[in-house]
Amino acid sequence: MTIGRRGFVFAAALVLLLAPAEVRAGQPTDQLRTQIDRVIQVLEDPELKKESTVKARRAAVRKIANDIFDFSETAKRSLARHWPPRTPAEREEFIALFADLLERSYISKIEVYGGEKIGYLGETIDGDLATVRTKIVTKQQTEIPIDYRMLRSEKWLVYDIIIEGVSLIANYRTQFNKIITTSSYQELVKKMKSKQEEFDEDEKKRTSQR
């Protein structure tokens, strides 16, 4: 379950959390902007910029990510037809694993971005579903269209990110389906736990080298 080029682009989408908004639109966009401001405060905090506080900085960003993303909805849609057969315990475990891996794979990468600009192109709301259309303009003036699909419960939460017509959910759904159909659901969980252990080992190595 490698990230690859597509994963890099999805990580780029998270620049939204770093860049100043050019235009304020309706409620979904406003709620995203609130979280943008929170992340910027974390990243501009002099104490959290220190190398010794990387863990604390990422923990703070992950906490905000939990207020932005509906990981349960993303996990369910990514598992697709393999979701209904899962027991309540399996679903709970999968959501926790999926959220952790998604955060570790992408959220930490926002630290490497800077100077990109966000243009809001508009939003559409259909009942409890909304799409916020944006574009990222890189330092090289390359434009990357990005749509954020949101679901409203008590507030608007992102459940999918669409990059140049390809969604985060579709990306994971393909990977998950291939593993389950060629092996088993249990093998998917095993691979996810193995990836989780890799992240833990990498974090230990980085800590020991400081």
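Just so it is clear, the structure is predicted and the values come from calculations on it, not from any experiment.

Here is what the cut-offs are and how they apply
- Residues numbered from 1 in each chain as written.
- Predicted model: local features only at pLDDT ≥ 70, side-chain atom pairs only at ≥ 80, totals over all residues.
- Heavy atoms only, no water.
- Helix = DSSP H or I, 4+ residues; strand = E, 2+ residues; numbered from the N terminus.
- Contact = heavy atoms within 4.5 Å.
- Areas by Shrake-Rupley, 256 points an atom, 1.4 Å probe, with all protein chains shown as cover.
- Core = buried A, V, L, I, M, F, W, Y, C linked by side-chain atoms within 4.5 Å.
- Buried < 20%, exposed > 50% of the residue type's maximum accessible area, 1.4 Å probe, protein only.
- Pairing = 2+ DSSP bridges.
- Axes fitted to C-alpha atoms, helices over the stretch in contact; angles between N-to-C directions.
- Parallel < 35°, antiparallel > 145°, perpendicular 65-115°, else oblique.
- Left-handed = near helix turned anticlockwise from the far one by under 90°.
- Nonpolar A, V, L, I, M, F, W, Y, C, P; charged D, E, K, R; others polar.
- Salt bridge = Lys/Arg side-chain N within 4 Å of Asp/Glu carboxyl O.

Re the overall build of the protein
Secondary structure summary: the protein contains 7 helices and 5 strands in total. Each helix and strand of the protein, placed in order from N terminus to C terminus, yields the pattern α-α-α-α-α-β-β-β-β-β-α-α. Once local pairs closer than 6 in sequence are excluded, the contacts in the protein between residues at least 24 apart make up 58%. Summing over all exposed atoms, the protein offers an accessible surface of approximately 11,100 Å²; the carbon and sulfur share of this is 50%.

Topic: the nonpolar core
Leu79, Phe94, Phe98, Val158 and Leu188 are the most contacted members of the largest nonpolar core, which has 43 residues in total. If you tally residues by element for this core, the top one is helix α5 (residues 88-106), at 7 residues. The residues contacting phenylalanine 98, other than those within four sequence positions of it, are Phe71, Thr74, Ala75, Ser78, Tyr172, Phe176 and Met192.

Focus: the pairing of strand β1 (residues 117-126)
Sheet topology places β1 next to strand β2 (residues 129-137); 9 bridges connect them, and they run antiparallel. Bridging across to β2, isoleucine 118 finds its partner in isoleucine 136. In this structure, the hairpin formed by β1 and β2 is closed by a connection of 2 residues, where glycine 127 is found at a positive phi of approximately 65°.

Some remarks on the packing of helix α4 (residues 71-79) against helix α6 (residues 168-182)
Between α4 and α6, the least distance of the axes is 7 Å, while the angle of their chain directions is 50°. Put simply, α4 runs oblique to α6. Of the two elements, α4 crosses α6, and the hand of that crossing is right-handed. Of the residues in α6, those in contact with Thr74, Arg77, Ser78 and Leu79 of α4 are Leu168, Ile169, Tyr172, Arg173, Phe176 and Ile180. The residue makeup of the contact of α4 with α6, split by class, is 6 nonpolar, 2 polar and 2 charged.

Structural notes on the pattern of salt bridges
Where charged atoms of side chains with opposite charge meet at close range, the side chains can pair. Within this structure, the stated rule accounts for 9 salt bridges. Glutamate 143 is paired through a salt bridge with lysine 135; the nearest N and O atoms lie 3.4 Å apart. Looking at glutamate 143, the relative accessible area reads 48%, which means it is partly exposed. Salt-bridge contacts for lysine 191 lead to glutamate 187; the nearest nitrogen and oxygen are separated by 4.0 Å. Of this pair, lysine 191 and glutamate 187 are both found in helix α7 (residues 185-208), 4 residues apart, which corresponds to roughly one turn of the helix. A relative accessible area of 38% means that lysine 191 is categorised as partly exposed. By relative accessible area, glutamate 187 is classed as partly exposed at 24%.

Brief notes about the pairing of strand β3 (residues 143-152)
Relative to β3, β2 runs antiparallel, the two sharing 9 bridges. Paired with valine 132 across the bridge in β3 is tyrosine 148. Linking β2 to β3, which pair antiparallel, is a turn of 5 residues; within it glutamine 141 sits at a positive phi near 65°. Counted between consecutive antiparallel strands, the loop separating β3 from strand β4 (residues 156-163) contains 3 residues.

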